[in-house]
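So you can see what is in the structure, the chains are spelled out below.
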Amino acid sequence: MEKLHRTLLGELFRIQGRKKWYNTVEEMQADLGRYLKHYNNERTHRGLNMNGRTPCKAFIDGLPKPKKEEVKESK
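Please read these numbers as outputs of a predicted model, since none were measured by experiment.

**Things to note about the confidence of the model for the chain**
Phase 1: Looking at the chain as a whole, the pLDDT averages 84, with 84% of positions reaching at least 70.
Phase 2: Here helix H4 (residues 68-74) stands out as the least confident element of the chain, with mean pLDDT 59; helix H2 (residues 25-41) is the most confident, with 93.

Set out below in structure tokens:
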């Protein structure tokens, strides 16, 4: 969670804060919503097992299924 907060601060609010003055929470929420859509659906990630996928793609793909040999060994 801290990583997401740092990313939001560094990639969204510090940049937007120099360009735009938010008069309402709704304006800030709209920019946050657009950024999170980009973050989850368009921006590739380098995290563990992400392999350059977006979080949405990684969620859709799910966890890798174990190979038959691995299943037999665990029994």
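**What to know about the packing of aromatic side chains**
Phase 1: Enumeration over the complete set of coordinates arrives at 1 aromatic pair.
Phase 2: A ring pair is formed by Tyr35 and Tyr39, whose centres lie 6.0 Å apart and whose planes are at 40 degrees; its orientation type is tilted. Remark: Tyr39 and Tyr35 occur in helix H2; sequence separation between them is 4 residues, near one turn of the helix.
Phase 3: Taking relative accessible area as the criterion, Tyr35 reaches 9% and is therefore assigned buried.

**Topic: the packing of helix H1 (residues 2-19) against H2**
Phase 1: Interaxial distance between H1 and H2 falls to 11 Å at its minimum, and their mutual angle equals 125 degrees. Overall, the two elements H1 and H2 adopt an arrangement that is oblique. Crossing angle aside, the handedness with which H1 passes H2 is right-handed. Along the contact surface, H1 presents Leu4, Thr7, Leu8, Glu11, Leu12, Phe13 and Gln16, while H2 presents Met28, Asp31, Leu32, Tyr35, Leu36 and Tyr39.
Phase 2: Across the contact of H1 with H2, the residue classes break down as 9 nonpolar, 2 polar and 2 charged.

**Some details on H1**
Phase 1: Taking 1.5 Å of rise per residue, 18 residues should cover 26 Å, and H1 covers 25 Å from first to last C-alpha, within 8% of that figure.
Phase 2: For H1, the principal kink sits at Leu9 and spans about 35 degrees.
Phase 3: Those residues of H1 not exposed but buried are Thr7, Leu8 and Leu12.
Phase 4: Buried residues belonging to H1 abut H2.

Reading the values: the criteria
Residues numbered from 1 in each chain as written. Predicted model: local features only at pLDDT ≥ 70, side-chain atom pairs only at ≥ 80, totals over all residues. Heavy atoms only, no water. pLDDT = per-residue confidence, 0-100. Helix = DSSP H or I, 4+ residues; strand = E, 2+ residues; numbered from the N terminus. Phe/Tyr/Trp six-rings, centres within 6.5 Å; stacked < 30°, edge-to-face > 60°. Buried < 20%, exposed > 50% of the residue type's maximum accessible area, 1.4 Å probe, protein only. Axes fitted to C-alpha atoms, helices over the stretch in contact; angles between N-to-C directions. Parallel < 35°, antiparallel > 145°, perpendicular 65-115°, else oblique. Left-handed = near helix turned anticlockwise from the far one by under 90°. Contact = heavy atoms within 4.5 Å. Nonpolar A, V, L, I, M, F, W, Y, C, P; charged D, E, K, R; others polar. Expected span 1.5 Å × (residues − 1). Bend = angle between axes of the 7 residues up to and from the residue.

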